Amino acid sequence: MRKTKIDSWTEEWEKSYSHEEEKLKEVFKDELVDIFHIGSTSIPTIGYAKPIIDILIVVREIENVDLYKSEMLTLGYEAKGENGIAGRRYFTKGKDNRTHHVHIFQIGSEFIKTHLDFKEYLIKNPIEAKKYGELKINLAKQYPDEHHKYQEGKQQFVNNLVKKAKEWASK
């Protein structure tokens, strides 16, 4: 069973991303367009996050990602297919004690801009980021053994942030 663990933001997350980025660049070198550290571990102003590094990879052809499953498995990743988001390939590392999530989209996908705008919005709006971090802490305390309830509890807040980030980015 996955537990909800929230840690204080640390520079170690950036180091962990950089280390993994190099490995992933080697795997997807022929397909790779770009790679980004996303999610709460990439935003110091949030203050708190699950210690899971989210990585966004942009590729030329999404269907070709399936050709790299065995290389990803060698790195410790489990392929999850689209996992609820059409046009995505999703990989997790660490089983119940996850360390990394890799979200892969084809160049031009609207989800790329959404993720990057969300990150940039929270970096530029530290008060919003701090509120998000506090919500994470409170939900983790409330639902330490019910990860799905933690996720449900923050969904409306995240949806509102995504909307604000889109409006902010369009200006």
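Our structure's up above, just so we're on the same page.
Conventions used here
Residues numbered from 1 in each chain as written. Predicted model: local features only at pLDDT ≥ 70, side-chain atom pairs only at ≥ 80, totals over all residues. Heavy atoms only, no water. Helix = DSSP H or I, 4+ residues; strand = E, 2+ residues; numbered from the N terminus. Rg over C-alpha atoms; globule rule 2.2 N^0.38 Å. Buried < 20%, exposed > 50% of the residue type's maximum accessible area, 1.4 Å probe, protein only. Phe/Tyr/Trp six-rings, centres within 6.5 Å; stacked < 30°, edge-to-face > 60°. Pairing = 2+ DSSP bridges. Axes fitted to C-alpha atoms, helices over the stretch in contact; angles between N-to-C directions. Contact = heavy atoms within 4.5 Å. Lys, Arg positive; Asp, Glu negative; His and termini not counted. Salt bridge = Lys/Arg side-chain N within 4 Å of Asp/Glu carboxyl O.

Hey, could you go over the overall build of the protein for me, with residue numbers and the actual values?
Within the protein one finds five helices and seven strands. In sequence order, the protein lays out its α and β elements as β-α-β-β-β-α-β-β-β-α-α-α. Taking 16 Å as the expected radius of gyration for a compact globule of 171 residues, we find that the protein reaches 16 Å, a close match to that expectation. Dimensions of the protein, computed from the C-alpha atoms along their principal axes, are close to 40 × 40 × 30 Å. Buried positions account for 41% of the 171 residues belonging to the protein.

So what's going on with the packing of aromatic side chains? Which residues, and what values?
This model, assessed by the stated rule, comprises six aromatic pairs. An angle of 90° between the planes, with centres 6.4 Å apart, marks the rings of Trp9 and Trp13 as edge-to-face. The exposure class of Trp9 is partly exposed, given its relative accessible area of 24%. The exposure class assigned to Trp13 is buried, which follows from its relative accessible area of 7%. Geometrically, the ring pair formed by Tyr121 and Trp168 is edge-to-face, given 5.8 Å between the ring centres and 70° between the ring planes. Taken together, the positions of Tyr121 in helix H3 (residues 110-124) and Trp168 in helix H5 (residues 147-169) put the pair 47 residues apart, joining distant regions of the chain.

Pulling in residues and values, what's your account of the sheet that holds strand E2 (residues 32-38)?
Strand order in this open sheet of five strands is E2-E4-E7-E6-E5, and the pairing throughout is mixed. Both outer strands of the open sheet, E2 and strand E5 (77-79), are each paired with one neighbouring strand and no more. Taking each pair of neighbouring strands and ignoring which way they run, the sheet shows an average axis angle of 25°. Direction of pairing for strand E6 (residues 88-93) relative to strand E7 (residues 100-106): antiparallel, over a ladder of six bridges. Residue pairing across strands places Phe91 opposite Val102, the latter belonging to E7. Docked against the sheet, helix H1 (residues 12-28) engages E2, strand E4 (53-59), E5, E6 and E7, running at close to 160° with respect to E2.

Lay out the side chain of Lys136 in plain terms, naming residues and giving numbers.
Relative to the helices and strands, Lys136 resides in helix H4 (residues 126-142). Notably, Lys136 is buried but unbridged: the nearest opposite-charge side chain belongs to Asp54, and the N-O separation is 7.5 Å. Those residues in contact with Lys136, other than ones at most four positions away along the chain, are Ile6, Ser40, Ile46, Tyr48, Ala49, Tyr150 and Lys154.

Tell me about the pattern of salt bridges, residues and numbers included.
Counted according to the given criterion, the structure contains 15 salt bridges. Between Lys164 and Glu128 there is a salt bridge, with its nearest N and O atoms 2.8 Å apart. With a gap of 36 residues between them, Lys164 in helix H5 and Glu128 in helix H4 connect regions that are remote in the sequence. A relative accessible area of 35% means that Lys164 is categorised as partly exposed. For Glu128, a relative accessible area of 13% corresponds to the buried category. Here the salt bridges share partners, and the residues they tie into one network are Glu20, Lys23 and Lys93.

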